[in-house]
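# Examination of the molecular architecture
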Amino acid sequence: MRVVSYNIQYGTGKDGQVDLERIAGDIGDADIIALQEVERYFSTTGNIDQPAGLAALFPTHFWVYGAGVDLHAGTDEDKSRRRQFGNMLLSRWPVLSSRNHLLPKTGYVDYLALQRSALEAVIETPLGGLRVYSVHLGHVGGPERRRQITALMEIVNDA
């Protein structure tokens, strides 16, 4: 079983180009894929639905998405559209269930601290059920990450 975890940084490469196909090529033929910093409808990355785009690049995989950030982004054509930032899981095998857990957040004055989350999925593999997490911890400071890790361990232990 090949498992890959990849912070795709909004799909943007070192060259500043948003290229989901390049990311899919880097991932290759993994059985389970955990992605972080996947977004929907942000103007900085072309207002695209990255989860749908990534899912199309892995047509044999099942997928789930969990947003930590969820904002109104309605248009005349789609009044219910949401601007989102979060984690994604793709699996060669069926995803039996999923839950998105919001992690503790610290309100910083001098830094942008986005809401972080842990996307949990139970996957039906040939070896039986497997619980998998795609997690993105905060980047600003150690105290916040320690609180997030403590919360994550409680989530895992209570699963």
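Before reading on, note that the structure itself is shown above.
With respect to topology, three strands assemble into an open sheet ordered 5-6-7, the strand pairing being antiparallel. Strands at the two margins of the open sheet, each flanked by one partner only, are strand 5 (95–102) and strand 7 (128–135). Each strand of the sheet is rotated relative to its neighbour by a mean of 15°, with strand direction disregarded. As paired strands, strand 6 (residues 117–125) and strand 7 are joined by eight bridges and run antiparallel to one another. Residue pairing in the sheet places glutamate 120 in a bridge with tyrosine 133 of strand 7.

Another aspect to go through is the environment of arginine 81. Note that arginine 81 resides in the loop between strand 3 (62–72) and strand 4 (82–91). Note on arginine 81: relative accessible area 19%, which makes it buried. Counting along the chain gives 18 residues from arginine 81 to tryptophan 63, while the straight-line C-alpha distance between them is 20 Å. Other than its neighbours up to four places away in sequence, arginine 81 contacts Tyr41, Asn47, Leu71, His72, Ala73, Gly74 and Thr75.

With that settled, consider the pairing of strand 1 (residues 3–7). Across five bridges, the pairing between strand 1 and strand 2 (residues 32–40) is parallel. Bridge pairing in strand 2 links serine 5 to alanine 34. Read as a crossover between parallel neighbours, the route from strand 1 over helix 1 (residues 20–27) to strand 2 is right-handed.

Take the sheet that holds strand 3 next. Spatially, four strands are ordered 1-2-4-3 in an open sheet, and the strand pairing comes out mixed. Here the strands that pair on one side only, and so sit at the sheet edges, are strand 1 and strand 3. This sheet shows a mean twist of 15° between the axes of neighbouring strands, independent of strand direction. As judged from the ten bridges shared by strand 3 and strand 4, these two strands associate in the antiparallel manner. By the bridge assignment, alanine 67 is partnered in strand 4 with glycine 86. Packed onto the sheet, helix 1 meets strand 1 and strand 2 and runs at close to 145° relative to strand 1. Contacting strand 2, strand 3 and strand 4, helix 2 (residues 50–57) runs over the sheet at an angle of about 145° to strand 2.

Each value, and the rule that gives it
Residues numbered from 1 in each chain as written. Predicted model: local features only at pLDDT ≥ 70, side-chain atom pairs only at ≥ 80, totals over all residues. Heavy atoms only, no water. Pairing = 2+ DSSP bridges. Helix = DSSP H or I, 4+ residues; strand = E, 2+ residues; numbered from the N terminus. Axes fitted to C-alpha atoms, helices over the stretch in contact; angles between N-to-C directions. Buried < 20%, exposed > 50% of the residue type's maximum accessible area, 1.4 Å probe, protein only. Contact = heavy atoms within 4.5 Å. Right-handed = clockwise from strand over helix to strand, strands pointing away.

The quantities given are spatial measurements derived from coordinates; they are silent on function.
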